[in-house]
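Overview (structure and organization)
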Amino acid sequence: MTGDPVLVADGLGKAFRVGKRRVPALDGVSLGIAAGAVTGLIGPDGAGKTTFMRLAAGLLRPDAGSIRVLGLDASRDALAVQAALGYMPQRFGLYEDLTVQENLDLYADLQGVPAALRAGRYAELMHMTGLAPFTARLAGRLSGGMKQKLGLACTLVRAPRLLLLDEPTVGVDPVSRRELWAIIDRLVRAEGMSVLLSTAYLDEAERCAEVVLLHEGRVLDQGPPGRQSARVAGRTWAVTAPGRRNRDLQAELAGLDGVVDALVQGEHVRLVTRAEHLPEAVAQRPGLLAQPTPARFEDGFIDLLRARGAAPAAPAAEAPAPTPPAGDGVVIEVAGLKRRFGDFWAVAGLDFQIRRGEIFGLLGANGAGKTTTFRMLCGLLPASAGQLRVAGLDLRHAAAAARARIGYMSQKFSLYGNLSVTQNLDFFARIYGLAGTARRARLAWALAEFELAGYADQLSADLPLGYKQRLALACALMHEPEILFLDEPTSGVDPLARREFWQRINGLARRGVTVLVTTHFMEEAEYCDRLAIMAAGRILALDDPAAIKARARSPEHPEPGMEDAFIRLVEASAEATP
């Protein structure tokens with residue numbers, strides 16, 4: 001990091017009007033972003049990260065204070081700022097009916113790149129992103145990870161001095177996420193670019209030179225990521241209980257006196273405690289084994305938010321109900337499942353069974369066929385071949401009857417943005433056949449259980465992402481389904497909201513609800529009883545998390561994590577494919 005800061009905010013304030021309410025997004029933010037390094041912008045949903053990015057890009061005007069970017073006032077000199085920086089928002093505007101090359105040409109035109117400089121820049125970007133073989137492919141036919149890399153290439157057609165990336169790795173698989181970070185590291189190292197990056201993945205924060213922590217529009221802290229892990233040194237533990245499932249143990253420990261955080265991590269439950277010793281409420285429980293474990297950035301982040309009152313500790317869960325035994329009934333049966341789109345086989349022959357009360361994870365790279373599989377299991381898409389039985393019903397003949405017994409939460413927010421929270425809940429209750437007293441009771445339950453009462457009259461489109469997720473899950477549960485399908489439900493959601501979400505899902509599974517979930521957060525896969533890892537429409541591995549990680553063990557990686565195992569399986573499959 002050298003030279004003057006590339007971005008300086010001084011007393012920055014911005015508010016928006018939502019209905020009749022004035023909602024502050026930033027409140028007196030003052031900070032500086034160093035040149036020639038990656039700075040992370042971290043915070044819960046609604047912290048003000050995207051608003052800050054848009055102000056820095058000259059797309060919004062502040063209500064108070066100032067923001068200078070590359071020596072220019074971002075309000076007065078917005079066009080000059082936009083000509084000097086690159087900005088990739090969360091939903092980058094690719095044109096899906098244009099090819100990769102046509103998207104590059106369009107953005108080169110918009111950014112005024114001289115024709116003589118384009119061929120060399122295109123070749124460099126296509127090599128950097130690995131998209132050189134796909135320049136003639138329509139952008140709409142790319143996988144999620146490839147779309148993100150194309151969006152980044154379009155942003156970089158004219159090499160900027162400062163690059164703003166608003167959650168660039170949301171919704172992409174671990175392989176693509178690693179590739180995107182390799183590109184970012186190269187831009188900083190080889191081109192001296194400065195990068196401001198927001199992310200929901202806190203392991204990515206540890207790759208940044210500095211991290212800015214935002215909450216409710218204010219800066220909680222700014223400094224190297226190691227400062228947050230140092231705050232909780234000596235207060236982090238790996239806890240196990242032989243013979244018990246970790247997600248049940250986590251539910252039991254979360255919210256106990258003296259426990260700041262409890263999270264399933266690999267073969268143990270990771271605890272963050274308030275003091276440098278185990279709380280009595282933990283130490284006195286029979287059968288527990290606890291060992292100190294090194295602190296990490298996420299531990300310090302959660303501890304800081306809860307110490308500042310930004311988020312209450314998770315409440316202690318009710319005593320886990322006995323999990324239905326393995327033989328208590330198969331509720332999903334898949335045999336020889338295939339789905340073809342034209343000449344392309346999106347799903348090329350799947351076989352698996354899921355039992356009542358089981359959490360079953362479906363993992364895979366972008367384009368592996370997970371969402372297509374989900375849509376077939378929900379009766380939303382007919383299979384090209386194979387057999388599907390859900391809740392004892394053959395989906396070829398009784399799809400409508402099966403859908404009445406399942407809940408579905410889609411990959412993208414799919415509720416009605418122009419309806420209020422209450423209107424969405426009421427609509428889905430009616431769709432599921434609830435009426436009269438039963439409907440009113442479920443509406444009251446949803447508003448209370450998901451803490452939505454304060455947003456009851458707000459349009460769902462205006463909700464923070466974490467509350468959109470709560471509303472979507474509440475709508476999926478209005479009719480008390482026995483099977484729940486969750487397609488990347490926590491994509492882009494902050495760590496606090498993810499913890500709350502999984503607490504709810506674990507509670508449902510303990511009560512016998514069967515859960516089928518896809519996720520790109522590899523740590524979330526640890527909550528699953530079993531996992532199927534997919535690539536190119538086929539299952540590469542089907543087993544419990546510990547067994548899948550054991551397959552990736554090697555002298556170089558004696559204790560591989562789930563992300564290590566996933567990447568190794570997917571890359572081995574790609575190498576084996578001619």
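Here the structure is a predicted model, which means the values were calculated and not measured.

Tallying each qualifying case throughout the model produces 44 salt bridges. When the shortest N-O distance is used, the salt bridge between Arg118 and Asp109 registers 2.8 Å. Arg118 sits in the buried class, given a relative accessible area of 17%. Judged by its relative accessible area of 52%, Asp109 falls in the exposed class. The salt bridge partner of Lys549 is Glu267, with a shortest N-O separation of 2.6 Å. Taken together, the residues Lys549 in helix α18 (residues 545–551) and Glu267 in the loop between β12 (259–265) and β13 (268–273) connect sequence positions 282 residues apart. The buried category is assigned to Lys549, whose relative accessible area is 7%. One salt-bridge network, in which partners are shared between bridges, spans Asp261, Arg270, Arg296, Glu298, Asp299, Arg306, Arg499 and Glu523.

Let us now look at helix α1 (residues 49–56). Because an α-helix packs 3.6 residues into every turn, residues spaced three or four apart end up facing the same way. For α1, the tally of buried residues reaches six of eight residues, placing the bulk of the element in the interior. If you check which residues of α1 are buried, you get Lys49, Thr51, Phe52, Met53, Leu55 and Ala56. At the C-terminal side of α1, Gly58 shows a positive phi close to 75°.

Read from one edge of the open sheet, four strands run β12-β13-β11-β14, paired in antiparallel fashion. Edge positions in the sheet fall to β12 and β14 (289–292), since each of these pairs with one other strand and no more. Strand after strand, the sheet turns through a mean of 25° between neighbouring axes, direction not considered. Here strand β11 (residues 236–240) runs beside β13; their pairing, made up of four bridges, is antiparallel. Looking at the pairing, Trp237 lines up with Leu271 of β13. Strands in contact with helix α9 (residues 246–253) are β11, β12 and β13; relative to β12, the strand with the most contacts, it is inclined by about 175°. In this fold helix α11 (residues 297–307) packs onto β11, β12 and β13, with an angle of close to 145° to the strand it touches most, β12.

Another point: the packing of helix α14 (residues 421–431) against helix α16 (residues 465–476). Relative orientation of the contacting elements α14 and α16 amounts to 20°, with a least axis distance of 9 Å. Taken together, the axes of α14 and α16 are roughly parallel relative to one another. As α14 runs across α16, the sense of the crossing is right-handed. On α16, the residues that touch Val421, Asn424, Leu425 and Phe428 of α14 are Leu471, Ala474 and Cys475. Of the residues assigned to the contact of α14 with α16, the class counts are six nonpolar, one polar and no charged.

Let's shift gears to the environment of Glu526. Take Glu526: it is sitting in the loop between β22 (514–518) and β23 (530–535). Through-space distance from the C-alpha of Glu526 to that of Ala47 is 28 Å; in sequence the pair is 479 residues apart. Aside from chain neighbours lying at most four places away, what touches Glu526 is Val264, Gly266, Pro545, Lys549 and Met562.

Moving on, we come to the nonpolar core. Within the largest apolar cluster, 53 residues are counted, with the highest numbers of intra-cluster contacts made by Leu425, Leu473, Leu484, Leu486 and Ile505. Discounting residues that sit within four places of it in the chain, Ile505 has contacts with Ile359, Leu473, Leu484, Leu486 and Val515. Counting 48 residues, the second largest nonpolar core, distinct from the first, contains Tyr122, Met126, Leu131 and Leu197.

Time to look at a nonpolar patch on the surface. On the surface, a cluster of nonpolar side chains totalling about 280 Å² of accessible area is made up of Tyr416, Phe427 and Ile431. Secondary-structure assignment places Tyr416 in the loop between β20 (406–409) and α14. Using a relative accessible area of 38% as the deciding quantity, one classes Tyr416 as partly exposed.

Quick look at the domain arrangement of the protein chain now. Assigned domains within the protein chain: domain 1 (7–223), domain 2 (229–308) and domain 3 (331–416 + 465–576). Placing the centre of domain 1 and that of domain 3 at their C-alpha centroids yields a distance of 30 Å. Contact residues are listed per partner, giving 19 residues for domain 1 and 23 residues for domain 3. For the pair domain 1 and domain 3, the two sides together bury roughly 1500 Å², of which 57% comes from carbon and sulfur. Among the residues of domain 1 in contact with domain 3, Asp45, Asp173 and Pro174 are the three that bury the most area, contributing 34% of the side total.

Attention now moves to the side chain of Lys14. Locating Lys14 in the fold gives a position in strand β1 (residues 7–18). Sequence-distant contacts of Lys14, defined by excluding residues within four places in its chain, comprise Pro24, Ala25, Leu26, Thr51, Leu55, Arg61, Pro62 and Asp63.

Our focus in this paragraph is the packing of aromatic side chains. A complete count under the given rule lists ten aromatic pairs for this structure. For the pair Phe501 and Trp502, a centre-to-centre distance of 5.9 Å together with 85° between the ring planes defines the contact as edge-to-face. Each member of the pair, Phe501 as well as Trp502, is classed as buried. Linked through ring pairs, Tyr416, Phe427 and Phe428 together constitute an aromatic cluster. Here Arg442 stacks its cationic end above the ring of Trp445, 3.9 Å away from the centre of that ring. Directly above the aromatic system of Tyr467 lies the positively charged group of Arg470, at a separation of 4.3 Å from the ring centroid.

What follows is about the packing of helix α3 (residues 100–110) against helix α5 (residues 144–155). Direction vectors running N to C along α3 and α5 enclose 30°, while the axes themselves pass 9 Å from each other. If you check the angle between α3 and α5, you find them roughly parallel. With respect to the hand of their crossing, α3 and α5 are arranged in right-handed fashion. For the pair formed by α3 and α5, the contact residues are Val100, Asn103, Leu104 and Tyr107 on the first element and Leu150, Ala153 and Cys154 on the second. Considered class by class, the residues forming the contact of α3 with α5 number six nonpolar, one polar and no charged.

About the cut-offs
Residues numbered from 1 in each chain as written. Predicted model: local features only at pLDDT ≥ 70, side-chain atom pairs only at ≥ 80, totals over all residues. Heavy atoms only, no water. Salt bridge = Lys/Arg side-chain N within 4 Å of Asp/Glu carboxyl O. Buried < 20%, exposed > 50% of the residue type's maximum accessible area, 1.4 Å probe, protein only. Helix = DSSP H or I, 4+ residues; strand = E, 2+ residues; numbered from the N terminus. Pairing = 2+ DSSP bridges. Axes fitted to C-alpha atoms, helices over the stretch in contact; angles between N-to-C directions. Contact = heavy atoms within 4.5 Å. Parallel < 35°, antiparallel > 145°, perpendicular 65-115°, else oblique. Left-handed = near helix turned anticlockwise from the far one by under 90°. Nonpolar A, V, L, I, M, F, W, Y, C, P; charged D, E, K, R; others polar. Core = buried A, V, L, I, M, F, W, Y, C linked by side-chain atoms within 4.5 Å. Patch = residues over 30% accessible without salt bridge, like charges linked within 9 Å, V, L, I, M, F, W, Y side chains within 5 Å. Areas by Shrake-Rupley, 256 points an atom, 1.4 Å probe, with all protein chains shown as cover. Domains from an automatic or database assignment. Buried area = accessible area lost by both parts, 1.4 Å probe. Phe/Tyr/Trp six-rings, centres within 6.5 Å; stacked < 30°, edge-to-face > 60°. Lys NZ or Arg CZ within 6 Å of the ring centre and 35° of its normal.

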